[in-house]
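# Inside the fold
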Amino acid sequence: MDTEHAGAGAWTAERHVTALYQRHALSLARLALLMLGDSGAAEDVVQDAFLGLYRRWDSLADPSAAPAYLRTSVLNGCRTAMRRRSRREVPPDGRPAESAEAAVLLGEQHRAVLAAIRRLPARQREALVLRYYLDMTESQAADAMRVSRGTVKSTTSRAVAAVARMLREGS
């Protein structure tokens, strides 16, 4: 009987996580790409988040909270990747390498904006991406970042001002 239950639980986890992957993987990959600036690392972070959810599916208290769990996992994975990256040596030109596909797909203005966002401190970049790229409310972003709504509001404001300043200085 336990074997049957374990098999049914695995099937349920697989079905639910697959459906979540189909609905959310692309937006989470975009979030990770904006945070990290590296598509390979972004894909790895997203895959790790879904794998973690699959492994913990049976202990998830509220399955409807799975998208928030995934978003938090991706953000935490990005933070870890950025910490690891900061410990490694910076390339001679100081810029992260972009894939050929990313270079072709991004227009000049788009690249300038993304470069400015990547130069922001991690918390400002995170707030900006959550609010304007994922279109979260201040409250949702605060929950995802584990900070107050006021912190999200002020951090986002500073991030927008910093990006505008960097774009003015770059033109």
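Each chain has its residues counted from 1, running along the sequence as written. Reporting in this predicted model follows two pLDDT cut-offs: at least 70 for local features of residues, and 80 or more for side-chain atom pairs to be given and counted; totals over whole chains, interfaces and linings ignore these cut-offs and use all residues. Water and hydrogen atoms were dropped before computing side-chain values, which therefore reflect all heavy atoms in the structure.

## Regarding the overall build of the protein
Put simply, DSSP H or I for four residues or longer makes a helix, DSSP E for two residues or longer makes a strand, and each gets a number counted from the N terminus. From N to C terminus, the protein includes eight helices and zero strands. Moving toward the C terminus, one meets the helices and strands of the protein in the order α-α-α-α-α-α-α-α. Across the 171 residues in the protein, those meeting the buried criterion constitute 33%. Residue burial considers only the protein chains on display, and all accessible areas are found by Shrake-Rupley using a 1.4 Å probe. When the accessible surface of the protein is summed, it comes to about 10,800 Å², and 53% of that surface belongs to carbon and sulfur atoms. Partly exposed describes any residue whose relative accessible area lies between the buried limit of under 20% and the exposed limit of over 50%, with all areas from a 1.4 Å probe on protein chains only and scaled to the type maximum.

## What about helix 2 (residues 39–56)?
To estimate the expected span of a helix, subtract one from its residue number and multiply by 1.5 Å. Helix length check: helix 2, at 18 residues, gives a terminal C-alpha distance of 26 Å against a target of 26 Å (1.5 Å per residue), a fit within 8%. Those residues of helix 2 that fall on the buried side of the exposure criterion are Ala42, Val45, Val46, Ala49, Phe50, Gly52 and Leu53. Take helix 2 and look down its axis: the buried residues cluster within an arc of 155°, on one side only. Projecting away from the buried face of helix 2 at angles above 90 degrees are the exposed residues Asp48 and Arg55. The term polar contact refers here to a pair of N or O atoms within 3.5 Å; inside protein, the definition further demands a hydrogen-donor-capable atom paired with an acceptor-capable atom, and it admits residues adjacent in sequence only when both atoms are side-chain atoms. With a side-chain oxygen positioned 2.9 Å from the backbone nitrogen of glycine 40, the residue opening helix 2 is aspartate 38. What the arc describes is the spread of directions from the helix axis to the C-beta atoms.

## What to know about the confidence of the model for the protein
pLDDT gives the predictor's per-residue confidence on a scale running from 0 to 100. Scored by pLDDT, the protein has a mean of 81; 80% of the residues are at 70 or more. Predicted confidence in the protein is weakest over helix 4 (residues 100–105), with a mean pLDDT of 50, and strongest over helix 2, with 92. Counted against residues more than four places away or in other chains, residues 1–6, with its pLDDT under 50, gives zero contacts. By definition, residues are in contact when any of their heavy atoms lie within 4.5 Å.

## A few points about the packing of helix 6 (residues 122–133) against helix 7 (residues 138–145)
In the contact formed by helix 6 and helix 7, the axes pass within 9 Å of each other and the chain directions differ by 135°. Judged by the angle between their axes, helix 6 and helix 7 are oblique. In the crossing of helix 6 with helix 7, the sense of the turn from one axis to the other is right-handed. Residues Arg123, Glu126, Ala127, Leu130 and Arg131 of helix 6 lie in contact with helix 7, whose contacting residues are Glu138, Ala141, Ala144 and Met145. Residue classes follow a fixed rule: Ala, Val, Leu, Ile, Met, Phe, Trp, Tyr, Cys and Pro count as nonpolar, while Asp, Glu, Lys and Arg count as charged, and any other residue, Gly among them, counts as polar. Class assignment for the residues of the contact of helix 6 with helix 7 results in five nonpolar, no polar and four charged. As a rule, the C-alpha atoms of each element are fitted with a line to give its axis, helices using only the stretch in contact, and angles between N-to-C directions run from 0 to 180 degrees. Reported orientations rely on four angle classes, namely roughly parallel under 35 degrees, roughly antiparallel over 145, roughly perpendicular from 65 to 115, and oblique for the rest. By definition, turning the near helix anticlockwise from the far helix through less than a right angle yields a left-handed crossing, and turning it clockwise yields a right-handed one.

## Things to note about the packing of helix 7 against helix 8 (residues 149–170)
It is at 8 Å that the axes of helix 7 and helix 8 come closest, and there the two elements cross at 100°. When the axis of helix 7 is compared with that of helix 8, the two are roughly perpendicular. The residues of helix 8 that touch helix 7, namely those facing Glu138, Ser139, Ala141, Ala142 and Met145, are Arg149, Val152 and Lys153.

## Considering the side chain of arginine 131
Within the secondary structure, arginine 131 is located in helix 6. Within this scheme the basic residues Lys and Arg register as positive and the acidic residues Asp and Glu register as negative, but His and the chain ends are omitted. A side-chain nitrogen of Lys or Arg and a carboxyl oxygen of Asp or Glu constitute a salt bridge if their distance falls within 4 Å. One buried charged residue, arginine 131, forms no salt bridge at all, with the nearest opposite charge on glutamate 138 at 4.1 Å. The contacts of arginine 131, once residues within four sequence positions are left out, are Met136, Thr137, Glu138, Ala141, Val152 and Thr156.

## Describing a negative patch on the surface
Exposure above 30% relative accessible area and the lack of any salt bridge qualify a residue for a patch; like charges then connect within 9 Å, and the nonpolar side chains Val, Leu, Ile, Met, Phe, Trp and Tyr within 5 Å. Taken as the charge location is NZ of Lys, CZ of Arg, CG of Asp or CD of Glu. Taken together, the side chains of Asp38, Glu43, Asp44 and Asp48 define an acidic patch exposed on the protein surface. Inspection of the secondary structure assignment puts glutamate 43 in helix 2.

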